[in-house]
Amino acid sequence: SLERVSSRCSFAEAYPGVHGGYVQVTRARGQGPVLLVLPAAGVGAATRFEAWRPLREDRLEPGYMYENSHELMLHTAAYAHNEWRKATPWNEPTAAIVRAGQPLLRGLRLRLASSVDQVDAALFAAGLPVMMPLPAPTFTTDMRAAALWVRVPPSLSLLLKDLRTEPAGCVALAPPFITREVAAAAGWLTIPLVAREAVGRCRLDLAFAPFKDGGGAALESTSGGAREPFFVQTVHLFIVLPAARLVRSLAHVANTVGWLGAEVGDPWHRTPAYFGTDAASKSALLQSSKVFMSGLSDEAGLAMPLAMAVKQLGMANATEVARVETMVHRTLLSPADASPQVRAQYLQSGRDWGVRRSLLYWSDAVDIDPAVLLAAPQLHAECHKCWPKCWWLICWSEPESLKTWRAYNYPHVAAIYWSLYRVSSRRLPQLATAKTADWYLEAAVRTSLGMYTHGGRTGGLAQWGLMGGTVFVLILRDLQATLAEATHAGDLTAVSRWRPLELQLRGAMAERVAKWRSMTFPFGSEFPWDSTGYEEVHAWLRAFGYYEDAQSTSQSILAFVTLSPHWGFSGSARRYWDFGVNGATSIGNERELHHYAATLNALPLVADYEAAPSRLLLLRIAAAATLGALTTIDPESGFVSMAWHGDPSLLTRDAYSADFGCGFFGATLLARSTVAWHEPFGWLCALCDFERAGSPLPALPDAPPATGAGALPRVDVVPRDAYRRRLYLAPLGLLLAVEGAAIELARLGEPSGCVQLELRAEPPGTTRATLELELTAVGADPAAGGLSVRCCSASGAQCTRRAGLAVTPARVEIELGAGGVARVDVCWA
């Protein structure tokens with residue numbers, strides 16, 4: 001039961017870091033002490049953590065959700081040369097021989113960290129180096145400030161001569177340096193990381209020797225007497241292309257491979273639509289017998305349409321918007337007055353807003369239809385072989401495909417409508433033209449209500465948090481803003497349209513929140529426990545003002561989302577069984593790396609961080625999840641994967657895109673630049689770079705943020721996320737978000753007490769953009785901060801001051817001048 005999970009279960013995650021590796025065991029609520037399994041002291045040179053192997057031979061088999069027992073592998077050469085020979089292992093495989101009369105000593109030790117925030121401190125206290133890649137173990141080739149922070153314990157010296165990379169030269173290692181005295185006093189040094197190519201996996205081997213002198217530097221250069229490494233720790237990085245370039249390559253594949261227009265005849269009327277893709281065959285996923293995947297429903301079937309819709313929020317393209325609209329009106333939503341025969345040709349009913357389980361199905365008539373055999377021979381072969389007694393996951397009957405009870409099928413549809421609403425209402429000229437912005441908003445609202453009614457209210461699947469369910473909160477927020485505008489304008493027609501919908505949606509979601517608050521641990525799903533529901537539960541708890549419950553939810557997320565100097569596990573929320581449902585390759589349950597739960601579960605953490613930006617742990621997880629999502633896109637082909645296979649025999653991307661769309665939705669909402677101060681590191685720029693006069697890595701003030709006009713350092717911020725439309729300024733608790741333009745540069749402290757945004761139209765041709773300003777702290781009063789906006793021409797002419805902002809979030813329209821550029825000053829008292 002969920003109560004037993006809450007009170008009796010823990011989650012284990014491994015970091016295969018050789019002598020510096022460990023296993024972290026965290027209670028399901030994320031609270032209390034954390035157990036760490038470490039190499040034993042005194043035999044550190046012999047005890048290596050090389051791999052974390054699922055025990056396939058385990059015969060316990062308690063159920064389909066079983067996540068396997070695991071073996072901590074101290075030597076892996078036998079497996080590497082046999083079962084794992086087709087994979088590139090995390091670490092160099094080794095072997096040991098037990099000789100007669102010569103004992104072979106290996107050991108483990110157990111330590112407790114007082115909390116998840118104190119894991120690094122506990123490792124350091126146990127004599128292990130602490131490795132902290134900032135902003136994350138994954139970084140892009142255009143980042144200039146990526147660095148590995150190393151905290152060397154007093155017992156060890158870092159051997160610079162023995163720094164190694166695998167593959168050789170995968171990252172350029174600049175000489176270590178000490179940036180701040182307070183950091184040096186605590187044992188920290190910084191190794192800048194410069195990536196010239198997107199090589200993918202990149203391992204750093206750092207060697208240490210015992211520190212003999214009892215004082216002095218913790219570094220040893222190549223000069224002087226050589227020492228044999230006593231202790232080796234591996235840091236696992238992943239280097240990707242610039243984020244925007246990867247997203248464009250994904251879209252290119254979606255448009256050239258995944259898109260099928262109306263001219264492509266289909267027996268099930270699935271076109272026009274975006275479909276998922278298979279990287280192995282370089283084709284669209286049209287003939288999977290798992291009919292939800294090829295049937296344009298479920299998180300797998302609607303993944304590509306969802307991704308292409310939410311992409312338009314930050315990287316709009318008129319052709320793609322038109323295609324999403326075409327799919328909506330010709331494949332997705334039936335006319336409200338459609339006959340049952342016509343309704344059966346659409347995914348969603350325009351009458352009751354139910355979303356069916358699949359457009360693809362099997363029947364006696366389909367089985368003998370020559371057109372089906374011609375259009376889908378592979379599918380026909382699989383379904384004909386088992387029909388009518390097929391396995392429950394494949395070749396559904398038409399009655400089964402028409403069912404609308406699965407609440408999980410609704411957030412993706414609602415997000416498509418919501419994305420088109422935002423594209424229609426936040427810029428000029430409008431890119432969505434088939435319907436008005438208000439039409440798309442109402443469709444999003446009615447789909448949200450359809451989820452509640454068809455999903456069984458608080459007795460069916462609607463009682464649980466849904467992956468991507470944060471979109472329902474965003475829809476209600478936009479609905480309430482639209483209602484407020486209509487009320488302020490005295491538009492009684494609009495008020496009569498929106499007020500009943502607002503009451504219904506808020507009331508339905510309040511019932512769900514009440515159900516969650518009545519439960520000890522409300523994180524179920526179609527499975528007994530799941531990592532998919534936390535995201536929406538947290539979002540609604542915050543929306544209704546239950547902040548303590550929301551913080552308990554995000555703390556529980558930290559039980560199964562960890563940080564380590566390993567790109568595959570850092571920020572990668574726990575998932576184990578999805579390859580069996582959606583994957584091209586399935587060898588049983590295995591650790592999935594950067595599946596959709598990674599970015600979705602980072603959303604609550606970044607929300608809590610921005611409400612009180614003091615826990616660096618939360619910011620680091622958000623960065624690791626956001627950048628980790630980029631690793632699922634193949635840099636050469638542009639094909640996207642649902643996740644990486646974490647089994648040591650594979651360690652590769654799955655060929656199917658499958659359910660990646662939920663994760664892409666999460667990554668789109670997460671994408672932002674963050675400027676913050678954290679001891680002992682000083683000023684940090686997450687998913688961005690600091691510059692001054694075009695020069696990277698400028699010297700910054702070595703002092704905490706002041707108040708008032710001096711809250712930010714005088715420095716330029718260059719965004720490095722995919723969309724360049726959000727900037728969070730932690731010292732001010734201020735989130736700036738732009739739609740219709742990209743932030744090319746943000747000048748902090750110029751003029752004094754302001755941040756100046758240099759904007760460029762996105763896409764080119766946009767003449768009006770929207771800037772939203774939000775004070776993210778709970779209970780923040782915008783009037784108290786004297787927040788104001790001045791819109792300026794790009795040439796530097798006199799700025800026009802807008803009125804001070806009295807609400808949060810506040811929206812300001814920005815006129816883009818000649819060439820689609822503008823300069824905007826956001827100032828505070």
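Let me begin by describing the structure that accompanies this report. (Residues numbered from 1 in each chain as written. Predicted model: local features only at pLDDT ≥ 70, side-chain atom pairs only at ≥ 80, totals over all residues. Heavy atoms only, no water.)

In this section: the pairing of strand 30 (residues 741-748). Of all 8 residues that make up strand 30, 6 are buried, and the element is covered over most of its length. Where strand 27 (residues 715-719) meets strand 30, 3 bridges bridge the pair, whose relative direction is antiparallel. When the bridges of strand 30 are listed, D716 appears paired with R747. By the bridge criterion, 7 bridges tie strand 30 to strand 31 (residues 754-761) in an arrangement that is antiparallel. When the bridges of strand 31 are listed, I743 appears paired with L759. Between strand 30 and the antiparallel strand that follows it, strand 31, lie 5 residues; G749 among them carries a positive phi value of about 75°. (Buried < 20%, exposed > 50% of the residue type's maximum accessible area, 1.4 Å probe, protein only. Helix = DSSP H or I, 4+ residues; strand = E, 2+ residues; numbered from the N terminus. Pairing = 2+ DSSP bridges.)

This paragraph deals with helix 22 (residues 597-611). In this model, helix 22 (15 residues) spans 22 Å end to end at C-alpha, consistent with the 21 Å of a helix rising 1.5 Å per residue. At L603, helix 22 is bent by approximately 25°, the largest bend along its length, and proline P604 sits one to four residues beyond. Burial of helix 22 is extensive: 14 of the 15 residues sit out of reach of the surface. (Expected span 1.5 Å × (residues − 1). Bend = angle between axes of the 7 residues up to and from the residue.)

Cis geometry marks the peptide bond from W387 to P388, where omega comes out at 5°. One can find P388 in the loop between helix 13 (377-386) and helix 14 (398-401). P763 follows E762 through a cis peptide bond whose omega is 5°. If you check the backbone angles, V18 has positive phi at about 60° while not being a glycine. Its location among the elements puts V18 in the loop between strand 1 (10-15) and strand 2 (22-27). Non-glycine residue L651 carries a positive phi angle of around 50°. Mapped onto the secondary structure, L651 falls in the loop between strand 22 (644-645) and helix 24 (660-670).

Right, let's get into helix 16 (residues 437-454). Compared with the 26 Å implied by 1.5 Å per residue over 18 residues, the 25 Å span of helix 16 between its first and last C-alpha is a close match. The buried fraction of helix 16 is high, at 13 of 18 residues. Phi for G456, located one or two positions after helix 16, is positive at around 85°.

Here the structure, examined in full by the defined rule, presents 44 salt bridges. Two residues, R53 and E71, come together in a salt bridge whose shortest N-O distance is 2.9 Å. In this pair, R53 sits in strand 4 (residues 51-54) while E71 sits in strand 5 (residues 70-73), placing the two residues 18 residues apart along the sequence. Residue R53 is classed as buried on the basis of its relative accessible area of 6%. In this structure, the salt-bridge partner of E758 is R747, at a minimum N-O distance of 3.2 Å. Taken together, the positions of E758 in strand 31 and R747 in strand 30 put the pair 11 residues apart, joining distant regions of the chain. Overall, the relative accessible area of 26% leaves E758 in the partly exposed class. (Salt bridge = Lys/Arg side-chain N within 4 Å of Asp/Glu carboxyl O.)

One pair of aromatic rings is described through two measures. These are the centre distance and the angle between the planes. Going through the model one piece at a time under the given rule, you end up with 29 aromatic pairs. Look at Y79 and W84: their rings are 5.0 Å apart centre to centre, the planes differ by 20°, and that puts the pair in the stacked class. Taking relative accessible area as the criterion, Y79 reaches 22% and is therefore assigned partly exposed. Aromatic side chains F238 and W644 sit 5.6 Å apart centroid to centroid with 75° between the ring planes, which places their arrangement in the edge-to-face category. Residue F238 is found in strand 16 (residues 231-240), and its partner W644 is found in strand 22; the two are separated by 406 residues along the sequence. Of the two residues, F238 and W644, neither departs from the other in class, the shared state being buried. Chaining the aromatic ring pairs together yields one cluster made of F11, F521, F523, W529, Y534 and F560. (Phe/Tyr/Trp six-rings, centres within 6.5 Å; stacked < 30°, edge-to-face > 60°.)

Everything listed here is a matter of geometry and, on its own, says nothing about what the molecule does.
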